[in-house]
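The residues making up each chain are set out below.
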Protein chains: 2
Amino acid sequence: MPIAATPDTPYYAVIFTSLRSTPGAHGEGAGSVDDGYGAMADIMAESAARQPGYLGVESAREEVGITVSYWSSLDAIRAWKNDSEHLLAQRLGRQSWYDAYQVRICRVERDYGFTRA
Amino acid sequence: MPIAATPDTPYYAVIFTSLRSTPGAHGEGAGSVDDGYGAMADIMAESAARQPGYLGVESAREEVGITVSYWSSLDAIRAWKNDSEHLLAQRLGRQSWYDAYQVRICRVERDYGFTRA
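Every chain's residues receive numbers from 1 upward, in the order its sequence appears when written. Chain letters and ligand numbers both follow the written order, the letters beginning at A and the numbers at 1. Per-residue local features are limited, in this predicted model, to residues with pLDDT of at least 70; the limit for side-chain atom pairs, both in listing and counting, is 80 or more; totals at the level of whole chains, interfaces and linings are taken over all residues. Side-chain measures were taken over the full set of non-hydrogen atoms in the model, leaving aside hydrogen atoms and water.

Caption draft 1: Broad picture of the side chain of His86(B). Residue and element names in this part refer to chain B. Helix and strand assignments follow DSSP, with helices taken as H or I runs no shorter than four residues and strands as E runs no shorter than two, numbered in order from the N terminus. As for its position among the elements, His 86 is in helix 3 (residues 84–97). Polar contacts here mean pairs of N or O atoms no more than 3.5 Å apart (in protein, one a potential hydrogen donor and the other a potential acceptor; neighbouring residues in sequence count only if both atoms are side-chain atoms). Here Trp 80 takes part through its backbone oxygen, which lies 2.7 Å from a polar atom of the side chain of His 86. Setting aside anything within four residues of it in sequence, one finds His 86 in contact with Met 44, Trp 80 and Lys 81. Any pair of residues with heavy atoms lying within 4.5 Å of one another is described as a contacting pair.

Caption draft 2: Inspection of the interface of chain A and chain B at higher detail. Of the residues lining the interface, 46 residues belong to chain A; the matching set on chain B comes to 46 residues. Take a side-chain nitrogen of Lys or Arg and a carboxyl oxygen of Asp or Glu: if they are within 4 Å of each other, that pair is a salt bridge. Here chain A and chain B share four salt bridges between them. At the boundary of chain A with chain B, the tally comes to 29 residue pairs in polar contact (both at pLDDT 80 or more). Secondary-structure elements contributing two or more residues to the side of chain A that touches chain B are strand 1 (11–20), strand 2 (54–61), strand 3 (65–71), helix 3 (84–97) and strand 4 (98–115) of chain A. With 18 residues, the top contributor of residues to the side of chain A that touches chain B is strand 4 of chain A. Gly falls in the polar group here, along with every residue not listed as nonpolar (Ala, Val, Leu, Ile, Met, Phe, Trp, Tyr, Cys, Pro) or charged (Asp, Glu, Lys, Arg). Of the residues assigned to the side of chain A that touches chain B, the class counts are 22 nonpolar, 11 polar and 13 charged. For strand 4 of chain A and strand 4 (residues 98–115) of chain B, the ladder comprises 15 bridges, and the chain directions are antiparallel. Should DSSP find at least two bridges between two strands, the strands are taken to pair.

Caption draft 3: Representation of the sheet that holds strand 1 (residues 11–20) of chain B in the model. Taking strand neighbours across the sheet as the criterion, the eight strands line up as 2(A)-3(A)-1(A)-4(A)-4(B)-1(B)-3(B)-2(B) in an open arrangement whose pairing is antiparallel. The sheet is open, and its two edges are formed by strand 2 of chain A together with strand 2 (54–61) of chain B, each paired on a single side. When strand polarity is set aside, the average angle formed by the axes of neighbouring strands in this sheet is 25 degrees. Of the strand pairs in this sheet, strand 1 of chain A and strand 3 of chain A are connected by seven bridges, and their pairing is antiparallel. Paired with Phe16(A) across the two strands is Thr67(A), which belongs to strand 3 of chain A. Where helix 1 (residues 37–49) of chain A meets the sheet, its contacts fall on strand 1, strand 2, strand 3 and strand 4 of chain A, and the angle it forms with strand 2 of chain A comes to roughly 155 degrees. Lines fitted to the C-alpha atoms define the axes, with helices restricted to the stretch that makes contact. Angles between their N-to-C directions range from 0 to 180 degrees.

Caption draft 4: Quick peek at the relation of the copies chain A and chain B. C-alpha atoms of residues with pLDDT of at least 70 in both copies form the basis for the least-squares superposition of the copies. Expressed as a screw transformation, the operator carrying chain A onto chain B has a rotation angle of 180 degrees and an axial translation of 0.0 Å, and the superposed copies differ by an RMSD of 0.0 Å. Here the transformation between the copies is reduced to the relation of a two-fold axis. A shared binding surface is used by both copies, with 100% of the interface residues of chain A retained as interface residues in chain B.

Caption draft 5: Representation of helix 2 (residues 74–81) of chain A. All names here are of chain A. Working definition: with a 1.4 Å probe on protein chains only, accessible area under 20% of the residue-type maximum means buried, over 50% means exposed, and in between means partly exposed. The complete set of buried residues in helix 2 reads Ala 76, Ile 77 and Trp 80. The buried residues of helix 2 occupy one face: seen down the axis, they fall within an arc of 100 degrees. Where the residues of helix 2 are buried, they touch strand 1, helix 1, strand 3, helix 3 and strand 4. An arc is given here, and it is the one of the directions from the helix axis to the C-beta atoms.

Caption draft 6: Spotlight on the pairing of strand 1 of chain B. All names here are of chain B. Within strand 1, eight of the 10 residues are buried, which leaves the element mostly enclosed by the surrounding structure. The pairing of strand 1 with strand 4 spans 10 bridges and is classified as antiparallel. The partner of Val 14 across the bridge, within strand 4, is Ile 105.

In structure tokens form, the structure reads like this:
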């Protein structure tokens, strides 16, 4: 489901906007095309989905990558930020995968949508 | 600047997640490839940027499209939602361009980032 099925407001969102570095430019990888980025992204998506308070995720990348994950509370976001494997992924992200990123922690106050009949 | 240069928190974000319809499936267009979607998207981006309280935008589309616009206040978001040209674009979106979308109005509580030195 590419649009996350989130519950009634309020809930929380983490907007992660990123610019990928040129693959291989900063990494110590053994020549893989993306320095492990794709594999780690898959593992992190699966791991996030198992966290308490996880509500869903939406993601797209063109010039910029945007991943929005949804959570039931700020505590759930904090716990996921401090997950040990996630901390490792964050470190590799700064070392190799990203030239820049911005993380925004939000409270979703209101939402509405449309689905074609 | 693909990552928006937003001010200190708090500020507001509108997360617009959408699924495009198959071009031509619902429109009355005269055969243009995307039923005017691309042209309208450009016009709306320019118009949003001229609104009071506009802070920036980030956008990417793959399977799903995600556009996050940033605003100084809920009043600024409300005024843009009710802009007459924007109302027309919203109507065309439901009539032709989107199979589904979700709009989430958020208060950005905290943010941080990384830029490669």
